[in-house]
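# Chain and residue survey
Each chain, written out:
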Amino acid sequence: MFALTASVLRRGALRYRDSQCTMATIVSGNKTSQQVKERLKKELAEMKTQFPGFRPGLVVLQVGDRDDSNLYISMKLKAAAEIGINANHIRLPETATEDEVLQSIVAVNENPAVHGLIVQLPLDSIDPINTEKVTNAVAPEKDVDGLTSINAGKLSRGDLGDCFIPCTPNGCMELISQTGVSVMGKNAVVIGRSKIVGAPMHDLLLWNHATVTTCHSKTLDLAEHVGRADILVVGAGRAEMVKGEWVKEGAVVIDCGINHIPDRSKASGKRVVGDVHYSSAKERAGYITPVPGGVGPMTVAMLMKNTVESAKRFLQTYTPGKWNIVFTKKKPQEPQPSDAAISRSCQSKPVSQLAREVGLFSEEVETYSRSRARVRLDVLKRMKKQPDGKYVVVTGITSTPLGEGKRTTALGLAQAFGALLNINAFACVQEPSPGSCFGARGVAVGGGYSQIIPLEEVSLQPSGQNELISAASRVVMDTIKAHAHYETKLSEKALFDLLVPLKEGQRSVSPAQLSRLKKLGIEKSDPLTFTGTEIRRFVRLDIDLGTTTDSDSLENEIMAILSLSSSEEEMQQRLARIVVASNKSGEPVTSEDLNVSGPLAMLLKDALKPVLMQTVEGTPVFLHTSPLVDIAQGSPSILADKMALKMVGSKGFVVTESGHGANIGLETFFNIKCRYSGLQPDVVVMVATVRTLKMHGGAPPVQAGLPLPKEYSQENLEQLERGCCHLRRQVENAQAFGLPVIVAVNKFSSDTDAELELVCGQARQAGAFDAVKCTNWSKGGAGALALAEAVQRAAKLPGRFRFLYDSQIPAADKLRTVAQNMYGAKDIELSPKAKEKLALYTKQGFGNLPICIAKTHLSLSNEPMMKEEPPNLMLPITDIKANAGAGFLSCLINSTNTEMDDPMWPCFHGNNLYHDSK
């Protein structure tokens with residue numbers, strides 16, 4: 001008879017005694033694993049208190065559908081749910097290739113919500129897969145199974161605190177600790193040398209100061225080695241190979257084996273046994289684990305423990321929502337080198353590294369050089385539920401031909417947020433085109449220590465969007481000509497055969513053609529059922545070639561569509577609405593009527609992706625859409641802004657730019673771009689310069705590339721104060737939209753302290769939230785620190801954003817509202833042609849579109865040389881064009897002054913960007 005002498009010894013070990021002999025204490029894996037899980041639950045509760053909403057994430061990746069794998073996975077998922085770990089099961093079919101498995105692993109590696117990744121072995125695929133390559137593809141910091149070579153290497157050299165230990169050996173150590181037997185100084189024998197159990201078990205015992213012998217199938221005198229073991233761990237995979245009489249009296253025996261042997265007494269005809277002959281070994285051992293119920297449950301428990309540990313390490317390294325980005329500290333040189341020299345002195349990060357730093361996955365990034373990459377729109381879908389950051393728009397006062405550094409200030413502000421205030425920050429700017437970057441702006445995007453690098457790539461190697469837009473325009477123009485030509489040459493039946501060709505004995509209409517049929521009131525989709533009249537109405541566009549749009553206008557509208565679209569679907573819808581001509585009845589003919597909107601969308605698909613680059617200091621920048629859209633809203637794309645706002649998170653800042661001055665660029669930014677995007681900016685930054693205000697105060701006109709008149713280098717506070725009246729007007733223009741305005745005074749070397757103080761004081765008197773001096777051209781982000789701090793304060797104010805007009809009011813009233821509120825005009829003056837166009841577009845259903853006034857950016861009026869606010873201005877509107885696809889009416893302003901017709905001197909003369917190239 002056996003007598004139970006104690007209920008629980010040493011945390012879960014049960015010991016049974018006989019009146020004559022002592023049997024081994026049974027070390028229960030079930031009970032110990034439950035204790036481990038209870039501890040993990042408490043740790044997770046504390047973690048959630050400190051980081052609300054945070055949950056460790058675990059992914060189990062399986063290839064195929066093996067029953068044994070399914071059983072193990074269900075155990076892991078059940079344990080994860082019990083503890084509070086967010087576990088997901090990814091099952092790939094048995095047809096999965098090695099590349100597909102690796103792609104899945106990379107996607108999980110890059111997902112910050114996942115902290116543990118298990119690749120369930122074996123990989124049950126009909127295709128050959130290198131298991132070693134697959135397991136090593138798991139990121140070491142997420143390798144909670146501890147199977148990668150990196151984790152194995154760290155374990156073998158004793159870096160136990162800097163690696164993940166394989167779960168089964170880790171569970172064995174936990175069970176040994178339950179016995180209370182110290183490992184230190186003991187003779188330990190490990191039978192088995194697999195990478196999963198034997199080899200890591202040897203390392204664990206060794207680094208816990210045991211004297212370890214590893215035995216295997218080729219070991220001679222195995223029984224003799226076992227007989228000397230104070231601690232015996234068996235993982236050979238052979239049923240009951242270790243006999244009881246081999247075991248040393250009082251030894252700790254850990255049996256890792258799972259084997260099936262025949263047993264007629266069982267319903268299944270077999271039973272599970274370990275690698276140790278349990279019934280005889282328990283009479284000699286001091287402690288022994290049962291099979292089942294020993295090491296097995298501990299393996300799962302240690303997997304959960306590793307996952308929780310991985311999540312803790314993640315939280316120690318990363319702050320939720322904060323990028324792990326490396327900024328480059330540049331020490332400004334004196335005298336300051338050229339933009340080209342500064343760019344060449346900076347070693348930009350590989351764009352793939354930058355993408356990882358700002359939370360992008362590799363599958364979301366399409367690199368096409370070391371420094372540039374297109375970002376796929378999938379990012380917006382993934383981050384759909386993430387809150388937006390703060391939205392800052394940078395505008396300026398009415399500029400001079402010299403440019404005032406608006407883009408440089410935008411980049412410097414983003415640099416100050418990132419490198420100096422440690423806040424996620426993104427800059428969004430337009431991509432330059434060679435025509436504009438060879439002019440007043442020079443070749444850099446930005447300037448000095450606030451520019452995008454490498455300069456050669458950003459300025460001289462365009463991303464290709466302009467070429468795609470030109471190609472799209474040619475497709476439309478060629479299609480118009482072809483359609484008009486063949487309408488006169490072919491019968492309706494022959495034309496129908498061309499438009500709806502017979503394929504494999506059947507005809508079908510495209511989605512664009514189906515839309516045209518509905519517009520014609522033909523509720524049919526089967527071409528075989530069309531009547532002769534319906535075929536004639538369908539194929540005959542009757543284009544009036546005299547009304548065909550010109551290629552330049554078409555390219556401008558396509559660029560505007562890229563800028564104003566929020567998705568591929570929206571882009572295709574806008575492309576379909578482009579009015580390319582009128583028919584002979586005066587009705588609009590669209591690209592959809594031409595059945596060309598689908599090919600256009602396919603052609604422009606890549607152009608819709610923002611381009612990722614970086615500043616001198618390593619701040620991320622999106623470049624998207626080019627100055628072609630200056631006749632529209634003249635700003636970076638909606639997609640670039642939306643993507644950046646999601647990526648920076650709720651505490652981050654996105655700095656975007658608007659074209660030209662506040663009266664033109666900012667007005668269309670708000671009334672067109674924000675109307676379509678649904679985004680509401682938080683702060684307006686208005687860039688001003690002393691030299692521009694002097695010009696508005698009466699100083700002689702200037703031209704890019706020519707020397708400045710002496711009046712600009714001499715202090716003249718009276719003249720400057722007169723020019724500040726213009727600053728006041730532009731501050732009022734920006735305030736009309738209900739947002740706080742901060743004036744950034746871009747400092748030049750010729751500016752005196754008295755001049756700068758005067759401008760800042762005048763700006764505050766005009767109602768600006770604040771006015772600060774900026775030196776980011778010469779100092780980088782440090783020169784915009786005061787501006788960033790002012791923007792931070794202003795962004796905390798409650799939002800009161802409003803549009804200038806309701807889009808449903810008549811177009812003439814919208815024009816009048818903008819003219820009076822932005823330009824100080826008394827009224828508008830519509831030419832007969834403009835009146836005729838306005839009546840036509842209203843009849844065609846375009847009267848509710850927002851309006852874009854295309855006028856000179858060098859003056860509040862229609863006269864480029866007139867710097868003061870003109871009294872009793874009647875704004876002359878000479879023509880109106882409906883950009884139905886882009887979604888606005890473009891209203892052209894007559895400009896009679898010809899003094900500015902001199903060509904601009906190109907800035908590539910004397911620029912060492914070209915002369916120093918090798």
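Residues numbered from 1 in each chain as written. Predicted model: local features only at pLDDT ≥ 70, side-chain atom pairs only at ≥ 80, totals over all residues. Heavy atoms only, no water.

## Some thoughts on the overall build of the protein
Secondary structure summary: the protein contains 33 helices and 33 strands in total. Principal axes of the C-alpha set define a box for the protein whose edges measure 120 × 80 × 55 Å. Out of the 918 residues in the protein, the part that is buried amounts to 54%. When contacts within the protein are restricted to residue pairs at least 6 apart in sequence, long-range pairs at least 24 apart make up 74% of them. Working note: accessible area of the protein is about 39100 Å², and carbon and sulfur atoms make up 51% of it. One finds the centroid of the 103 positive side-chain charges in the protein at a distance of 5 Å from the centroid of its 98 negative side-chain charges. (Helix = DSSP H or I, 4+ residues; strand = E, 2+ residues; numbered from the N terminus. Buried < 20%, exposed > 50% of the residue type's maximum accessible area, 1.4 Å probe, protein only. Contact = heavy atoms within 4.5 Å. Areas by Shrake-Rupley, 256 points an atom, 1.4 Å probe, with all protein chains shown as cover. Lys, Arg positive; Asp, Glu negative; His and termini not counted. Charge placed at Lys NZ, Arg CZ, Asp CG, Glu CD.)

## Considering the environment of V655
If you trace the backbone, V655 turns up in strand β26 (residues 653-657). Between the C-alpha atoms of V655 and P681, which are 26 residues apart in sequence, the distance is 9.9 Å. Ignoring sequence-local partners within four residues, the contact set of V655 consists of V392, V394, A410, L413, A414, F417, F426, A427 and C428.

## Digging into the sheet that holds strand β6 (residues 86-92)
In space, the three strands of this open sheet follow the order β6-β5-β7, with parallel pairing throughout. Only two strands of the sheet have a single neighbouring strand rather than two, namely β6 and β7 (116-119). On average, each strand axis in the sheet is tilted by 15° relative to the strand beside it, whichever way the strands run. Both strand β5 (residues 57-63) and β7 contribute to a ladder of four bridges, which runs parallel. In the strand pairing of β7, L58 is matched with G116. Those strands touched by helix α3 (residues 98-109) are β5, β6 and β7, and its axis lies near 180° from that of β5. (Pairing = 2+ DSSP bridges. Axes fitted to C-alpha atoms, helices over the stretch in contact; angles between N-to-C directions.)

## Remarks on the packing of aromatic side chains
Here the structure, examined in full by the defined rule, presents 13 aromatic pairs. A ring pair is formed by W323 and F426, whose centres lie 6.0 Å apart and whose planes are at 85°; its orientation type is edge-to-face. Of the two residues, W323 sits in the loop between α10 (295-317) and α11 (339-345) while F426 sits in strand β18 (residues 425-429), which places them 103 residues apart along the sequence. Take F426: its relative accessible area is 0%, and that puts it in the buried class. Between F669 and F670, the ring centres sit 5.6 Å apart and the planes meet at 75°, which makes this aromatic pair edge-to-face. Across the pair, F670 and F669 agree in class, each one buried. Taken together, the aromatic side chains of Y391, F669, F670, F737, F801 and F803 make up a single cluster linked through ring pairs. Sitting above the plane of the Y368 ring, R374 keeps its charged end 4.6 Å from the centroid. Here the guanidinium or amino end of R675 rests over the ring plane of F803, the centre of that ring lying 4.3 Å away. (Phe/Tyr/Trp six-rings, centres within 6.5 Å; stacked < 30°, edge-to-face > 60°. Lys NZ or Arg CZ within 6 Å of the ring centre and 35° of its normal.)

## Re helix α2 (residues 67-83)
The terminal C-alpha atoms of α2 lie 25 Å apart, and with 17 residues this matches the ideal 24 Å at 1.5 Å per residue to within 8%. Those residues of α2 that fall on the buried side of the exposure criterion are S69, I73, K76, A79, A80 and I83. Each buried residue of α2 sits inside an arc of 125° when the element is viewed along its axis, so together they form one side. Pointing more than 90 degrees away from the buried face of α2 are the exposed residues D67, K78 and A81. On the buried face of α2, the contacting elements are α1 (29-50), β5, β6, β7 and α10. Looking at the residues trailing α2, positive phi occurs at G84, about 115°. (Expected span 1.5 Å × (residues − 1). Arc of directions from axis to C-beta.)

## Observations concerning the state of the cysteines
In total, this model carries zero disulfides according to the counting rule given. For the unlinked cysteine C428, the closest cysteine sulfur is that of C674, found at 13 Å. For C428, a relative accessible area of 0% corresponds to the buried category. Unpaired in this structure, C725 has its nearest cysteine sulfur neighbour in C724, at a distance of 7.6 Å. (Disulfide = S-S within 2.5 Å.)

## Notes on the nonpolar core
Counting 123 residues, the largest nonpolar core has F622, M647, F670, L727 and L889 as the members making the most contacts within it. Not counting the four nearest positions on each side in its chain, F622 is found in contact with V375, F426, A427, C428, V429, P610, V611, L612, A640, M643, A644 and M647. Counting residues in hydrophobic clusters, the runner-up holds 48 residues, among them V27, L58, L204 and A210. (Core = buried A, V, L, I, M, F, W, Y, C linked by side-chain atoms within 4.5 Å.)

## Details of the sheet that holds strand β21 (residues 543-544)
Reading across the sheet, the three strands line up as β21-β22-β23 and stay open at both edges, with antiparallel pairing between neighbours. Strands with a single pairing partner mark the edges of an open sheet, and in this sheet they are β21 and β23 (588-590). Direction of pairing for β21 relative to strand β22 (residues 579-583): antiparallel, over a ladder of two bridges. Residue I543 lies in a different strand from β22, and its bridge partner there is N583.

## Re the side chain of N170
As for its position among the elements, N170 is in helix α6 (residues 167-179). If we ignore the near neighbours within four places in the chain, the residues touching N170 are I165, L204, M302 and N306.

## Here we look at the packing of helix α21 (residues 551-564) against helix α22 (residues 568-576)
At their nearest, the axes of α21 and α22 sit 9 Å apart, and the two run at 150° to each other. The orientation of α21 with respect to α22, classified from their angle, is roughly antiparallel. Along this stretch, α21 crosses α22, giving a crossing that reads as right-handed. Two secondary-structure elements touch here, α21 through I561, L562 and L564 and α22 through E570, M571, R574 and L575. (Parallel < 35°, antiparallel > 145°, perpendicular 65-115°, else oblique. Left-handed = near helix turned anticlockwise from the far one by under 90°.)

## Section: a nonpolar patch on the surface
The grouping of L71, Y72 and M75 at the surface amounts to a nonpolar patch, some 280 Å² of accessible area in total. Inspection of the secondary structure puts L71 in helix α2. (Patch = residues over 30% accessible without salt bridge, like charges linked within 9 Å, V, L, I, M, F, W, Y side chains within 5 Å. Salt bridge = Lys/Arg side-chain N within 4 Å of Asp/Glu carboxyl O.)

## Brief notes about unusual backbone geometry
A cis amide bond links L121 with the next residue in sequence, P122, at an omega value of 0°. For P122, the position within the fold is in the loop between β7 and α4 (131-137). The omega torsion of the bond from V291 to P292 falls at 0°, within 30 degrees of zero and hence cis. If you trace the backbone, P292 turns up in the loop between β14 (287-288) and α10. You will see that E240, though not glycine, has its phi angle at about 50°, which is positive. Take E240: it is sitting in the loop between β10 (231-234) and β11 (252-255). Here the phi dihedral of N595 falls at roughly 60°; this positive angle occurs in a residue that is not glycine. Tracing the chain through its elements places N595 in the loop between β23 and α23 (597-603). Given a relative accessible area of 27%, N595 falls into the partly exposed group.

## Some remarks on empty space enclosed by the protein
Unoccupied space between atoms shows up once a probe the size of one water molecule is rolled over them. For the structure on display, the rule yields four cavities of 30 Å³ or more. The calculated volume of the largest cavity comes to roughly 60 Å³. Surrounding the largest cavity, H483, L499, Q513, R516, F538, V539, L541, D593, L594 and N595 form its lining. Tallied by class, the residues present in the lining of the largest cavity amount to five nonpolar, three polar and two charged. Around the second largest cavity, the lining residues are L117, V119, T135, V138, D143, D145, L147 and T148. A breakdown of the residues in the lining of the second largest cavity according to their chemical character gives four nonpolar, two polar and two charged. (1 Å grid on protein atoms, 1.4 Å probe; cavity = no way out; pocket = protein on both sides within 12 Å on 5 of 7 lines; lining within 4 Å. Points joined across faces, edges and corners; volume = space filled by probe spheres on them. Nonpolar A, V, L, I, M, F, W, Y, C, P; charged D, E, K, R; others polar.)

## A word on the environment of L679
As for its position among the elements, L679 is in the loop between α25 (662-677) and β27 (683-688). Overall, L679 belongs to the buried group, its relative accessible area being 10%. Remark: the alpha-carbon pair of L679 and K642, spanning 37 residues in sequence, is separated by 8.1 Å. Those residues in contact with L679 that lie beyond four places of it in its chain are D388, Y391, D641, K642, L645 and C674.

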